[in-house]
Amino acid sequence: MHDWEVIRSLARSGVPKAQIARDLGLARNTVARAVGADSLPRYQRSGRGSCFDAYEARVRSLLQETPRMPATVIAERIGWPRSGRLLRYHVALIRPEFLLIDPADRLEWDIGDAVQCDLWFPPYKVPLDDGRECLVPVFVMACAYSRYTVCVVIPTRTTADLLQGMWEGVQRFGGVPRRFIWDNESGIGRGNHLAAGVSGFMGVLGATLKQLPPRDPESKGIIERFNRYAETSFMPGRHFLSPQDLQAQLDDWMVKANGRTHATLHAIPAEMYQEELTHFASLPPVKPQCGWFKEVRLGRDYYVSLDGNHYSVSPECIAALVQVRADLNTVSVTCKGSLVAKHRRAWGSGITIKDPAHVAKARQLREKLRLIEHNPKPVLTAQTTLEEYDRVFKIGA
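Just so it is clear, the model here is predicted, and its values are computed rather than measured. (Residues numbered from 1 in each chain as written. Predicted model: local features only at pLDDT ≥ 70, side-chain atom pairs only at ≥ 80, totals over all residues. Heavy atoms only, no water.)

Q: Can you explain the sheet that holds strand β10 (residues 292-297)? Please cite residues and give values.
A: Spatially, the 4 strands line up as an open sheet ordered β10-β13-β14-β15, and their pairing is antiparallel. Each edge of the sheet is formed by a strand with only one pairing partner; in this case those strands are β10 and β15 (338-344). Ignoring strand direction, the axes of neighbouring strands in this sheet form an average angle of 20°. Sheet topology note: the β10/strand β13 (residues 321-326) ladder contains 6 bridges and is antiparallel. Looking at the pairing, E295 lines up with Q323 of β13. (Pairing = 2+ DSSP bridges. Helix = DSSP H or I, 4+ residues; strand = E, 2+ residues; numbered from the N terminus. Axes fitted to C-alpha atoms, helices over the stretch in contact; angles between N-to-C directions.)

Q: Which residues make up the packing of helix α7 (residues 159-173) against helix α8 (residues 198-205), and what are the values?
A: The interhelical angle for the contact between α7 and α8, taken along N-to-C directions, is 15°, at an axis separation of 11 Å. Classed by the angle they form, the pair α7 and α8 counts as roughly parallel. Considering the relative orientation of α7 and α8, their crossing is right-handed. Counted together, T159, L163, M166, W167 and V170 of α7 and V198, F201, M202 and L205 of α8 form the full contact between these two elements. Within the contact of α7 with α8, the residues separate by chemical class into 8 nonpolar, 1 polar and no charged. (Parallel < 35°, antiparallel > 145°, perpendicular 65-115°, else oblique. Left-handed = near helix turned anticlockwise from the far one by under 90°. Contact = heavy atoms within 4.5 Å. Nonpolar A, V, L, I, M, F, W, Y, C, P; charged D, E, K, R; others polar.)

Q: Explain the packing of aromatic side chains to me, using residue names and the numbers behind them.
A: Taken as a whole, this structure holds 15 aromatic pairs when the rule is applied. Aromatic pair W120 and F234: ring centres 6.5 Å apart, planes at 65°, arrangement edge-to-face. Of this pair, W120 sits in strand β1 (residues 114-120) while F234 sits in the loop between α9 (221-233) and α10 (243-259); the two residues are 114 residues apart in sequence, bridging distant segments of the chain. Pairing Y302 with Y303 gives two aromatic rings, centres 5.0 Å apart and planes at 25°, and the pair type is stacked. With respect to class, Y302 is no different from Y303; both count as buried. Positioned above the aromatic ring of Y229 is the side chain of R260, whose terminal nitrogen or guanidinium carbon lies 4.2 Å from the ring centre. (Phe/Tyr/Trp six-rings, centres within 6.5 Å; stacked < 30°, edge-to-face > 60°. Buried < 20%, exposed > 50% of the residue type's maximum accessible area, 1.4 Å probe, protein only. Lys NZ or Arg CZ within 6 Å of the ring centre and 35° of its normal.)

Q: Go over a positive patch on the surface with me, naming the residues and quoting the values.
A: On the surface, a cluster of positive charge is made up of R300, R363, R366 and R370. Position of R366 among the secondary structure elements: in helix α12 (residues 356-374). The exposure class assigned to R366 is partly exposed, which follows from its relative accessible area of 40%. (Patch = residues over 30% accessible without salt bridge, like charges linked within 9 Å, V, L, I, M, F, W, Y side chains within 5 Å. Areas by Shrake-Rupley, 256 points an atom, 1.4 Å probe, with all protein chains shown as cover. Salt bridge = Lys/Arg side-chain N within 4 Å of Asp/Glu carboxyl O. Lys, Arg positive; Asp, Glu negative; His and termini not counted. Charge placed at Lys NZ, Arg CZ, Asp CG, Glu CD.)

Q: Residue-level account of the side chain of E276, with values.
A: Mapped onto the elements of the fold, E276 is located in helix α11 (residues 269-277). Among buried charged residues, E276 stands out as having no salt bridge; its nearest opposite-charge side chain is R178, 7.6 Å away. Among the polar contacts made by the side chain of E276, one reaches the side chain of S146 at a distance of 2.6 Å. For E276, the residues in contact, after removing those within four places along its chain, are I111, G112, D113, C143, Y145 and S146. (Polar contact = N/O pair within 3.5 Å; in protein donor to acceptor, adjacent residues only side chain to side chain.)

Q: If you had to explain the state of the cysteines to someone new, which residues and values would you point to?
A: In the structure shown here, the tally under the stated rule is 0 disulfides. Distance from the sulfur of C151, which forms no disulfide, to the nearest cysteine sulfur (C117) is 12 Å. (Disulfide = S-S within 2.5 Å.)

Q: Can you lay out the pairing of β13 for me, pointing to particular residues and giving the numbers?
A: Of the strand pairs in this sheet, β13 and strand β14 (residues 330-335) are connected by 4 bridges, and their pairing is antiparallel. Across the sheet, the residue bridging to A326 is V331, located in β14. Between β13 and β14, which pair antiparallel one after the other, the connecting turn spans 3 residues.

Q: Now, about the pattern of salt bridges: what can you tell me, with residues and values included?
A: All told, the structure shown has 14 salt bridges when counted by the stated rule. A salt bridge links E56 to R60; its shortest N-O distance comes to 3.1 Å. Placement of both E56 and R60 in helix α4 (residues 56-65) is noted, with a separation of 4 residues, approximately one turn of the helix. E56 gets classed as partly exposed once you look at its relative accessible area, which sits at 25%. For R60, a relative accessible area of 26% puts it in the partly exposed group. The salt bridge involving D118 is made with K220; its shortest N-O contact spans 3.4 Å. Placement of the pair is D118 in strand β1 and K220 in the loop between β9 (208-211) and α9, with a sequence separation of 102 residues. For D118, a relative accessible area of 7% gives the class buried. Sharing partners across several salt bridges, the network here consists of D118, D183, K220 and E224.

Q: Hey, could you go over helix α6 (residues 84-94) for me, with residue numbers and the actual values?
A: By the burial criterion, the buried members of α6 are L87, H90, V91 and I94. In an axial view of α6, the angular spread of the buried residues amounts to 100°, which keeps them on one side of the axis. When the buried face of α6 is taken as reference, the exposed residues oriented beyond 90 degrees from it are R85, Y89 and L93. Elements that come into contact with the buried residues of α6 comprise α4 and α5 (71-78). The backbone nitrogen of R85 has a side-chain oxygen 3.2 Å away, supplied by the residue at the start of α6, namely S83. (Arc of directions from axis to C-beta.)

Q: Can you lay out the nonpolar core for me, pointing to particular residues and giving the numbers?
A: Ranked by size, the top nonpolar core spans 31 residues in total, and within it M141, M166 and F180 carry the most contacts. Within the residue set of this core, elements represented by two or more residues are β1, β4 (138-143), β5 (149-153), α7, β6 (179-182) and α8. Looking at which element gives the most residues to this core, the answer is α7, with 6 residues. When neighbours within four sequence positions are excluded, F180 is seen to be in contact with V115, C117, M141, M166, V170, M202, L205, A207, T208, L209 and K210. Grouped together as the second largest cluster of nonpolar side chains are 27 residues, V140, A142, I181 and I223 included. (Core = buried A, V, L, I, M, F, W, Y, C linked by side-chain atoms within 4.5 Å.)

In C-alpha cells, the structure reads:
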C-alpha cells in the first residue's frame, strides 16, 4: 500500500520509472503496473461457487411466477437439503429483482384537512365486569397537521361502538375536519364498501371518509408513530382496575402528550391545534346516528339482550315494543316515548344487570295474578221465572 502511493507520487513528479525501480528496489514491471493502475491494488481470489448455484435457476423460476413466495415454500418445492438460513440468505438477494417497486412519498398535510383514525390495543390486560381480563381497544384520532390526539376506550370493534367513539372524539376536538382517514377496519368497511350506517354518519358530520388501500401504513404514519409512542411512554409500570380506570389515566397522560414539544414539528401540538381548530367545521346541530339501537318486543322475562349481556326492563312493558339504545357507557330502554330502564353498560359477556325496582315490580305483578286465580269473582246471571219457562216450552197450554 505504501509503495503504491510512493510510486504514484514520484511518477506524477516526473521521475522516470527505471529510476523509481532502482531507488525503491522494485521490479520495473511492478512500477509500470502501479503507474498504469486506476485503483488501489488488492488481492482477489476467484470464487469456488456455492451449493445454492445448482438450485438458483429453479428458485428464479418460482420467484418469476410468485415474487413473494416464502423461502420455506421454495425450500419444499426445490427439495432443498441444507440449512434454511442459507436458502433465506440467497433468496433475499434474488427476490428484489422480481418485486415491483412501490415508492412512498413524503406527505404534506394542510391545516384542518385530515384526522387519522386507528385502533390501538394496549399490551396490558384489563379486568372486565365478568371477571375476565383481556385487551381492550382504544380508538385514537390524530390531527395530521398539528398532531393533536384524543383517545377513547371502546368496548368492541363493532360499527356501533366505532361510530360512537368517533363521535366522542369529534366532540373532544370541538370541530369537524374535512377528511377522516381509515385503514380497512372491518367495522368501518373494506374495499371502498362502507359498513351500514357509516355513510349516514359522515353525511351528518359533513365530512368525507378516506379508506386507504391494503398494505399502505405510510399514509397514516402519524397515528402509527403515536401508538408506538404511547406503548413506550404511557404503558410502562401502569396497572388498570377497569376500562374506566384506563380511560381516566389516558386522559391525564394525554394532557402531557399534547403539551410536549413534538420532535418533528419542533412545536407544541396543543398550541398548534388552537390555530387548526379555526379551520375545522362546526359540530352538527343534531347528533348523528351512532351507538347501538334495536326495537324488540319485551318477553315475559322482562330482559333485553345487547352485545351479549342482559338488562332488566320494567315488567309493565311485557308484550310491548321497546326501543333499546346504548352508547359507550349507558344502556337505556324506552316504551311509547317514556324511559322505562337505564343501566350502566356492562363490559364483558354473559352479564345480567338487574334493577331492584324492576324485580320488585315483577314480584308484585305475580302476586296480583295469583290472587286473582285463587279467588275468582262470582259470575252474575239474570233470574228467570217459572212462568217464562212454561211459556217458552209451551207447558200447560
